[in-house]
Amino acid sequence: MEKNNKIAIQIDDLTVAYNYKPVLWDIDLAIPEGVLMAIVGPNGAGKSTLIKAVLGIIKPIAGTVTVFGEPYKKQYQLVAYVPQKGSVDWDFPTTALDVVLMGTYGSLGWIKRPGQKQKKEALEALEKVGMLEFKNRQISQLSGGQQQRIFLARALVQNASIYLMDEPFQGVDATTERAIVNILKELRKSGKTVVVVHHDLQTVPEYFDWVTFLNVKKIATGSVKDIFNDDNLTKTYGINYKVSVLN
Ligand SMILES: Nc1ncnc2c1ncn2[C@@H]1O[C@H](COP(=O)(O)OP(=O)(O)OP(=O)(O)O)[C@@H](O)[C@H]1O
């Protein structure tokens, strides 16, 4: 639940287009600090694009994004990102441990290399996501779901304030899903803001306390309790949806 009135991410008048075709249209969105928020919407709704626009990976044609009141560029150390599974092509040899250690780079000074402290943190994060036994495995030789867990461990060692995750549950088994949910809830408990692109409408009320409905435009944003209803589902997905039949 919202713990204070601080806004972690503020998006104003954001419009993003690919090849002149708008995929996000005039989005205004304030994400309060401390929420565990799902972004839901149909395929192609612009969910990943919204996250990439916050991270500055995609340049909008209009609008602004601020992170705790400052441009992302000034605040990037506060933001950890877990990309969509399969979106990173590992064609160079790197172990799972190396990938997690990369998460500690932001906290190190110029040219400093990770030391014992960072290594300990990385091993702890690997243990948390159940991947310790794979620490010396080449990342390219892990399954998609295992790579996903490694990315999560890398985000954990970043010790960020805001976590942006693009479909972390995509294609993972039930045990991994449970492990990830527990980590998300732990992050929220420690006051972090967590934003997750999510497809499984059925689990929204159980996993999240905040939700944004998106379909090129922002349809609604707020607490799951208040706005996760038939009306917003129908507006977002364009067909007659009922919360009662999700289960
Ligand atoms: N690099 C790109 N070049 C051109 N069009 C793109 C590009 N990336 C995404 N798009 C288009 O932008 C729209 C939004 O894509 P985006 O990946 O943000 O949607 P999404 O809501 O995350 O979808 P999904 O649920 O299928 O992952 C889609 O119509 C997609 O085809």
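Everything numeric here is computed off the predicted structure, so don't read it as measured data.

A. Highlighting the nonpolar core. Formed by 49 residues in total, the largest nonpolar core has its most connected members in Ile150 and Met165. In terms of residue count, the dominant contributor to this core is helix 5 (residues 144-157) (7 residues). In this view, Ile150 contacts Ala96, Val99, Val100, Leu126, Met131, Ile139 and Leu142; residues no more than four positions away in its chain are not counted. Counting 30 residues, the second-largest nonpolar core is a separate cluster that includes Val23, Ile58, Ile162 and Leu214.

B. Broad picture of the site of the ligand. In the region of the ligand, 13 residues are neighbours, and Gly44, Lys47, Ser48, Thr49 and His199 sit closest. At a separation of 2.9 Å, an oxygen atom of the ligand approaches a polar side-chain atom of Asn43. Between an oxygen atom of the ligand and a side-chain N or O atom of Thr49, the distance comes to 2.5 Å. The fraction of the free accessible surface of the ligand (640 Å²) that becomes covered by protein chains is 60%. By residue number, the principal contributor to the shell around the ligand is helix 1 (residues 47-54), which donates 3 residues.

C. Spotlight on the packing of helix 4 (residues 116-128) against helix 5. Orientation of helix 4 relative to helix 5, taken along the N-to-C sense of each, is 135°, at an axis distance of 9 Å. With respect to helix 5, the axis of helix 4 lies oblique. Helix 5 is crossed by helix 4, and the crossing has right-handed handedness. Touching Glu121, Ala122, Ala125, Leu126 and Lys128 of helix 4 are Ile150, Ala153, Leu156 and Val157, all from helix 5. A breakdown of the residues in the contact of helix 4 with helix 5 according to their chemical character gives 7 nonpolar, no polar and 2 charged.

D. Here's a closer look at the pattern of salt bridges. A full pass over the atoms with the stated rule returns 8 salt bridges. For the salt bridge of Arg188 with Asp209, the shortest nitrogen-to-oxygen distance reads 3.0 Å. With Arg188 in helix 6 (residues 174-189) and Asp209 in the loop between helix 7 (204-207) and strand 9 (210-215), this pair connects stretches of sequence that are 21 residues apart. A salt bridge links Lys235 to Asp231; the nearest nitrogen and oxygen atoms lie 3.4 Å apart. You can see Lys235 and its partner Asp231 sitting in helix 9 (residues 230-237), 4 residues apart, about one turn around the helix. A residue is classified by how much of its surface remains accessible, and Asp231, at 45% relative accessible area, is partly exposed.

E. Expanded view of helix 4. Over its 13 residues, helix 4 runs 18 Å from end to end, which matches the ideal 18 Å to within 8%, given 1.5 Å per residue. Among the residues of helix 4, those classed as buried are Gln118, Ala122, Ala125 and Leu126. Seen from one end, helix 4 has its buried residues packed into an arc of 100°, which puts them on one side. Residues of helix 4 that are exposed and angled more than 90 degrees away from the buried face: Gln116, Lys117, Lys120 and Glu127.

Scoring rules and cut-offs
- Residues numbered from 1 in each chain as written.
- Predicted model: local features only at pLDDT ≥ 70, side-chain atom pairs only at ≥ 80, totals over all residues.
- Heavy atoms only, no water.
- Core = buried A, V, L, I, M, F, W, Y, C linked by side-chain atoms within 4.5 Å.
- Buried < 20%, exposed > 50% of the residue type's maximum accessible area, 1.4 Å probe, protein only.
- Helix = DSSP H or I, 4+ residues; strand = E, 2+ residues; numbered from the N terminus.
- Contact = heavy atoms within 4.5 Å.
- Near = heavy atom within 4 Å.
- Polar contact = N/O pair within 3.5 Å; in protein donor to acceptor, adjacent residues only side chain to side chain.
- Areas by Shrake-Rupley, 256 points an atom, 1.4 Å probe, with all protein chains shown as cover.
- Axes fitted to C-alpha atoms, helices over the stretch in contact; angles between N-to-C directions.
- Parallel < 35°, antiparallel > 145°, perpendicular 65-115°, else oblique.
- Left-handed = near helix turned anticlockwise from the far one by under 90°.
- Nonpolar A, V, L, I, M, F, W, Y, C, P; charged D, E, K, R; others polar.
- Salt bridge = Lys/Arg side-chain N within 4 Å of Asp/Glu carboxyl O.
- Expected span 1.5 Å × (residues − 1).
- Arc of directions from axis to C-beta.

The analysis is restricted to geometry; functional conclusions fall outside its scope.
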